[in-house]
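For reference, the chains in residue letters:
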Amino acid sequence: MSKRMGYNKQIGKVIIVIASAVLMQQSAAWAQTASSVKTDPVAENMLLYQRAIGGWPKAVGNIKVDYHKTLPAPDRMATQEDAYRNDATLDNDATNKEINYLVKAYHETQNGAYLKSAEKGIRYLLKAQEPNGGWPQFYPDTSIYRAYVTFNDNAMMNAMNLLNQVAQRTGGFEVVDAKLVEPSAKAVNRGIQCILKTQVKVKGKLTAWCQQYNNHTLQPAAARKFELVGLTAAETVGIVRFLMQIPTPSPQIQTAIESAVAWLNQVKITGYRFEHIQDASQPTGRDGVLVPDANAIIWARYYEIGSNKPFFSGRNSELKYNLTEIENERRAGYAWYGTWPQQLLEKDYPEWLKRNNIHH
């Protein structure tokens, strides 16, 4: 072997040793960096369940998603493989609660993966908005009533409240990508126009809102078998609360709020409260009943458009004017009456009038 070859071989060994040392140092640095990134177990599960389109499911099959549950490795892999399922939704606070949680988790951990996931969720909300300004219950699933503009359970209002925070850079959302601010503001404005268009008018007079509207015609539409077309007190409260956040409201927005409040006052029911009780004589062992109470004020879940009569329906979709006329399973399993508007009427609305210097 020549001296030159021997020398080159030695140099090669030195280079290998140095390279190995550098790699070991880099690996140690990377490991230290990885270990210094704080994690949140709930947020980690949210990353797993986020669909490729950006939203989240409320359940997988019939099993409600539980972010506090520790998933074994096979379940984690199966959940990741579900990323392209067509089940992302705004129903039951899904997608809204995940984005809110992930933004808070980012503030607490500075884990960039959480912020990135939240931003992807915000982009999902922007994509899901209908051309008419409304939001559907599910997106992109358009089967049955899932594409309808949905106020039910505050689905649309949750999306609008969240995007309004993005647009205003409030509520912790000042950390999200600045490129999302303008699209969010525009989406909120389109949503407001949809709200104003869908407020039901009876004999020339504005009243309240229904749970769902056809996404093409913006006419009130039924959803589940027992959710017929009717004016709804609960959803109207969520809509009015949003409108009352708007600074310097236009005359049209003022009229919408005042008309809805007038309707809520008109349809309140005094002298009763609603209770779900235990009743062994019933098939479910429970029942939903009205109980006389001189000090109580309640509202029905549904009111007939035009007559303002409270109505009820079982799974046969037959409209009834007396709660006792529908099956026990539905009486016991649905909130047919509630006190949803009480704080709005007693506190929030008077404060809104004062704040905007509106006198009656």
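Coordinates for the structure precede this section.
Residues numbered from 1 in each chain as written. Predicted model: local features only at pLDDT ≥ 70, side-chain atom pairs only at ≥ 80, totals over all residues. Heavy atoms only, no water.

Enquirer: So what's going on with the overall build of the protein chain? Which residues, and what values?
Expert: Of regular secondary structure, the protein chain possesses eleven helices and eleven strands. Computed over its C-alpha atoms, the radius of gyration of the protein chain comes to 27 Å, more than 25% above the 21 Å expected for a compact globule of 360 residues. The buried share of the protein chain, reckoned over its 360 residues, is 45%. Total accessible area computed for the protein chain in this model is approximately 19,000 Å², and 53% of it derives from carbon and sulfur atoms. (Helix = DSSP H or I, 4+ residues; strand = E, 2+ residues; numbered from the N terminus. Rg over C-alpha atoms; globule rule 2.2 N^0.38 Å. Buried < 20%, exposed > 50% of the residue type's maximum accessible area, 1.4 Å probe, protein only. Areas by Shrake-Rupley, 256 points an atom, 1.4 Å probe, with all protein chains shown as cover.)

Enquirer: How would you summarise helix H6 (residues 155–168) if you had to cite specific residues and measurements?
Expert: It helps to recall that an α-helix has 3.6 residues per turn; residues three or four apart then point in one direction. Relative to the 20 Å expected for 14 residues at 1.5 Å per residue, H6 spans 20 Å between its end C-alpha atoms, a close match to the ideal helical length. Among the 14 residues in H6, eleven count as buried, and that is most of the element. Every buried residue of H6 is accounted for by Ala 155, Met 156, Met 157, Asn 158, Ala 159, Met 160, Leu 162, Leu 163, Asn 164, Val 166 and Ala 167. Taken together, the buried residues of H6 touch helix H4 (96–109), helix H5 (112–128), strand S3 (149–150), helix H7 (181–198) and helix H8 (233–243). Positioned one or two residues after H6, Arg 169 has a phi angle of 55°, which is positive. (Expected span 1.5 Å × (residues − 1). Contact = heavy atoms within 4.5 Å.)

Enquirer: So what's going on with the side chain of Gln 212? Which residues, and what values?
Expert: Relative to the helices and strands, Gln 212 resides in strand S6 (residues 212–213). For Gln 212, a relative accessible area of 3% puts it in the buried group. Within the structure, Gln 212 has its side chain in polar contact with the side chain of Asn 152 (distance 3.4 Å). Among residues more than four places away in sequence, those in contact with Gln 212 are Tyr 148, Val 149, Thr 150, Asn 152, Gln 219, Pro 220, Ala 221, Ala 222, Ala 223 and Glu 227. (Polar contact = N/O pair within 3.5 Å; in protein donor to acceptor, adjacent residues only side chain to side chain.)

Enquirer: Tell me what's going on with the side chain of Asn 308, and back it up with residues and numbers.
Expert: Topologically, Asn 308 is positioned in the loop between strand S8 (286–300) and strand S9 (312–313). Note on Asn 308: relative accessible area 17%, which makes it buried. A polar side-chain atom of Asn 308 sits 3.0 Å from a polar atom in the side chain of Trp 263. Those residues in contact with Asn 308 that lie beyond four places of it in its chain are Leu 231, Trp 263, Gln 266, Val 267 and Tyr 303.

Enquirer: Describe unusual backbone geometry, naming the residues involved and giving the relevant values.
Expert: In this structure, Pro 140 follows Tyr 139 across a cis peptide bond, with omega equal to 10°. Topologically, Pro 140 is positioned in the loop between H5 and S3. Look at Asp 153: it is not a glycine, yet its phi comes out positive at around 55°. Looking at the secondary structure, you find Asp 153 in the loop between S3 and H6. Relative accessible area serves as the criterion here: at 34%, Asp 153 is assigned to the partly exposed category.

Enquirer: Before we move on, can you summarise the sheet that holds strand S11 (residues 337–338) with the specific residues and values?
Expert: Strand order in the open sheet made by the three strands is S7-S8-S11, with antiparallel pairing throughout. Because the sheet does not close on itself, it has two edges, and the strands there are strand S7 (269–278) and S11. Here two bridges tie S8 to S11, and the two strands are oriented antiparallel to one another. Bridge pairing in S11 places Trp 299 opposite Gly 338. (Pairing = 2+ DSSP bridges.)

Enquirer: Which residues make up the pattern of salt bridges, and what values go with them?
Expert: Evaluated as defined, the whole model comprises 17 salt bridges. Put simply, Arg 51 and Asp 87 hold a salt bridge, and the shortest N to O gap is 2.8 Å. Here Asp 87 lies in the loop between helix H3 (73–81) and H4 and Arg 51 lies in the loop between helix H2 (41–49) and strand S1 (59–60), a separation of 36 residues in the sequence. For the pair formed by Arg 51 and Asp 87, the shared burial category is buried. (Salt bridge = Lys/Arg side-chain N within 4 Å of Asp/Glu carboxyl O.)

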